[in-house]
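For reference, the chains in residue letters:
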Amino acid sequence: MIHWFTRKGAGAGPPGVDTAGTWPRTSYHRAAGSRDVDTAPGGVWIGVREAVVSFLKDALDVLLPEEEGCVLCGQVRGRGMEEIFYAPICSGCLSRIPFVQPPYCQTCGRPLRGAVAEITGDGLRDGPICRDCASGGRFFRVARAAGVYDGALKDFIYALKFRGRRELAEGIGVLMARVATREKAMRGSELLVPVPLHPKRLAERGYNQAELLARMVGSCLGLPVRTALVRSILTGEQNKLGRRDRRDNLRGVFIVPHPLEVAGKRVLLADDVITTGATANECSRALLRAGAAEVRVLAAAVAPLEKEWLHHT
Ligand SMILES: [Zn+2]
Ligand SMILES: [Zn+2]
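Since this is a predicted model, take the numbers as computed values, not measurements.

Peer 1: Where do I start with the overall build of the protein chain in this structure?
Peer 2: Check the secondary structure of the protein chain and you find 10 helices and 8 strands. Burial status across the protein chain gives 37% buried among its 313 residues. Taking contacts inside the protein chain between residues at least 6 apart in sequence as the whole, the part at least 24 apart equals 68%.

Structural data, given as structure tokens:
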């Protein structure tokens, strides 16, 4: 696997990502020596000196390894650093991320603190499923998230989406990749497809955070990424709508313009946050309609259902 985030940073960005912004991490940048030798006052000798200084700096860059900070908070390596797919993450961040712990719904991955659907019938499932999944209508086979949409993880995702901190996709992405490798039902995935943003939102933000995450996961797992889904209609604010309205609001929104990209494939759909699961479900429906063999959903975070989250707290 090629790790994009090599120490030098130069040209190390993932395909399709502009490296001129905050990517790769700013901590990788060293001040370059002045190359402006022709215009330097004092003529050629100052130019030569500048060139020598520049050469020595480059030589030092090779000889002295730069300190790599935590890919999430930037804390420098040294204390309790863990490498996940070669990305250093500090113990402070790991302890502040609310990872999904059992019991969680075996279908949608949502943590359950009570109000768990009875496991029905003949033990086909080896764990609990939530009420929503028990009532059917899920087009994805399984969904899993790195953590609960809360605490430090919520802060990181917010910064990635709304504060232009696109470099955070590295740390969040490796956590997602780790979940995918641990989850039996996600094995054998053949390609990653990000949940699309509407072109208008994409133009405003400049990037699709789900695509950045998908590219990071794809790099870790050695899977190709295809932006096979397109969002055709700008939906209103989803989070102001009720559950049923959310679902209806999304019907027919996602399109697969080139079905051959996904036909017959086990698709890993990547998103940042699963809220009700309506978006992931509609994307899954579109992918299946285009001929995908199966859809699995991998998200950075899953929001707990309030009624279930509060049940035992
Ligand atoms: Zn950290
Ligand atoms: Zn569920």
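Here the narrative resumes.
Peer 1: Could you clarify how one ought to interpret the sheet that holds strand 8 (residues 294-302) in this entry?
Peer 2: The strands making up a sheet associate through backbone hydrogen bonding, with each pair oriented either parallel or antiparallel. With respect to topology, 4 strands assemble into an open sheet ordered 3-8-7-4, the strand pairing being parallel. Edge strands, defined here as strands with exactly one partner in the open sheet, are strand 3 (142-148) and strand 4 (191-194). The sheet shows a mean angle of 25° between the axes of neighbouring strands, direction not considered. Note: strand 3 against strand 8, 6 bridges, orientation parallel.

Peer 1: What am I meant to see in the pairing of strand 2 (residues 87-90) here?
Peer 2: Consecutive side chains along a regular strand alternate between the two faces of the sheet. Bridge analysis of strand 1 (residues 81-84) against strand 2 gives 4 bridges, and the strand direction is antiparallel. Within strand 2, the residue paired with glutamate 82 across the bridge is isoleucine 89. Linkage of strand 1 to strand 2, two consecutive antiparallel strands, is achieved through a turn of 2 residues, within which phenylalanine 85 is found at a positive phi near 50°.

Peer 1: Which parts of the structure should I look at to understand the packing of helix 5 (residues 168-182) against helix 7 (residues 209-221)?
Peer 2: Pairs of packed helices are described in terms of their axes, by the angle between the two and the distance that separates them. Two numbers describe how helix 5 lies on helix 7: the axes approach to 8 Å, and their chain directions differ by 55°. Between helix 5 and helix 7, the angle falls in the class oblique. Seen from above, helix 5 lies across helix 7 with right-handed handedness. Here Ala169, Glu170, Ile172, Gly173, Val174, Met176, Ala177 and Ala180 of helix 5 lie close against helix 7, whose contacting residues are Gln209, Leu212, Leu213, Met216, Val217, Cys220 and Leu221.

Peer 1: I tried to follow helix 4 (residues 151-162) on my own but got confused; where do I start?
Peer 2: Along an α-helix, residues three or four apart share an orientation, since each turn contains 3.6 residues. Taking 1.5 Å of rise per residue, 12 residues should cover 16 Å, and helix 4 covers 16 Å from first to last C-alpha, within 8% of that figure. Leu153, Phe156, Ile157 and Leu160 are the residues of helix 4 that are buried. When helix 4 is viewed along its axis, its buried side chains cluster within an angular range of 95° and face the same direction. Buried residues along helix 4 sit in contact with strand 3, helix 5, helix 7, strand 7 (266-274) and strand 8. Downstream of helix 4 by a residue or two, glycine 164 has a phi angle that is positive, lying close to 70°.

Peer 1: Got a minute to help me understand the packing of helix 4 against helix 5 in this structure?
Peer 2: It is at 10 Å that the axes of helix 4 and helix 5 come closest, and there the two elements cross at 130°. Viewed along their axes, helix 4 and helix 5 adopt a mutual orientation that is oblique. The handedness of the crossing between helix 4 and helix 5 comes out as left-handed. Residues Phe156, Ile157, Ala159 and Leu160 of helix 4 lie in contact with helix 5, whose contacting residues are Leu168, Ala169 and Ile172. For the contact of helix 4 with helix 5, the class distribution of residues is 7 nonpolar, no polar and no charged.

Peer 1: How should helix 5 be read in this particular structure?
Peer 2: The end-to-end C-alpha distance of helix 5 is 22 Å, a good match for the 21 Å that 15 residues give at a rise of 1.5 Å each. Summarising burial for helix 5: 12 of the 15 residues are buried, a large majority. Taken together, the buried positions of helix 5 are occupied by Leu168, Ala169, Glu170, Gly171, Ile172, Gly173, Val174, Leu175, Met176, Ala177, Val179 and Ala180.

Peer 1: I tried to follow the nonpolar core on my own but got confused; where do I start?
Peer 2: General note: in soluble globular proteins, nonpolar side chains tend to be found buried as a group. Ranked by size, the top nonpolar core spans 72 residues in total, and within it Ile172, Met176, Leu213, Val217, Leu269, Leu287 and Ala301 carry the most contacts. Those residues within four positions of leucine 213 in sequence are excluded, and the remaining contacts are Ala169, Ile172, Gly173, Met176, Ala270, Asp272 and Ala300.

Peer 1: What exactly am I supposed to notice about unusual backbone geometry here?
Peer 2: Negative phi values dominate among residues other than glycine, just as trans dominates among peptide bonds. In this structure, proline 103 follows proline 102 across a cis peptide bond, with omega equal to 0°. You can see proline 103 is positioned in the loop between helix 2 (91-96) and helix 3 (131-134). Residue tyrosine 86 is not a glycine yet carries a positive backbone phi of 70°. Position of tyrosine 86 among the secondary structure elements: in the loop between strand 1 and strand 2. Judged by local crowding, tyrosine 86 falls into the partly exposed class, with 16 C-beta atoms found within 10 Å.

Peer 1: How should the pairing of strand 7 be read in this particular structure?
Peer 2: With respect to burial, strand 7 is a largely interior element, 8 of its 9 residues being buried. Relative to strand 7, strand 4 runs parallel, the two being bridged by 4 bridges. Bridged to proline 194 within strand 7 is alanine 270. You can see the chain leave strand 7, run along helix 9 (residues 278-289) and come back into strand 8, and the turn it takes is right-handed.

Parameters at a glance
- Along each chain, numbering runs from 1 in the same order as the chain's sequence is written.
- To label them, take the chains in the order written and letter them from A, then take the ligands in the order written and number them from 1.
- It should be noted that, the model being predicted, local features are given only for residues of pLDDT at least 70 and side-chain atom pairs only at 80 or more, the latter also being counted only at that level, while totals for whole chains, interfaces and linings use all residues.
- The way it works is that DSSP assigns letters per residue, a run of H or I at least four long becomes a helix, a run of E at least two long becomes a strand, and they are numbered from the N terminus.
- Exposed residues have 12 or fewer other C-beta atoms within 10 Å of their own C-beta, buried residues have 20 or more, and partly exposed residues fall in between, where C-beta atoms are placed from the backbone.
- Whether two residues are in contact depends on their C-beta atoms, placed from the backbone: they are in contact if these lie within 7 Å.
- A pair of strands is treated as paired once DSSP finds two or more bridges between them.
- Between the N-to-C directions of two axes lies an angle of 0 to 180 degrees, each axis being a line fitted to C-alpha atoms and, for a helix, fitted only over the stretch in contact.
- Geometric relationships in this document are graded by angle, where less than 35 degrees denotes roughly parallel, more than 145 denotes roughly antiparallel, 65 to 115 denotes roughly perpendicular, and other angles denote oblique.
- Crossing handedness follows the turn of the near helix against the far one: under a right angle anticlockwise gives a left-handed crossing, and clockwise gives a right-handed one.
- Every helix has an expected span of 1.5 Å times one less than the residues it contains.
- Relevant arc is that of directions from the helix axis to the C-beta atoms, nothing else.
- Gly is placed with the polar residues, together with every amino acid not listed as nonpolar (Ala, Val, Leu, Ile, Met, Phe, Trp, Tyr, Cys and Pro) or charged (Asp, Glu, Lys and Arg).
- To count as a nonpolar core, a set of buried Ala, Val, Leu, Ile, Met, Phe, Trp, Tyr and Cys residues must be joined through C-beta atoms within 7 Å.
- By the criterion used throughout, a crossover qualifies as right-handed when its path from the first strand across the helix to the second strand runs clockwise, the strands pointing away from the viewer.

The quantities given are spatial measurements derived from coordinates; they are silent on function.
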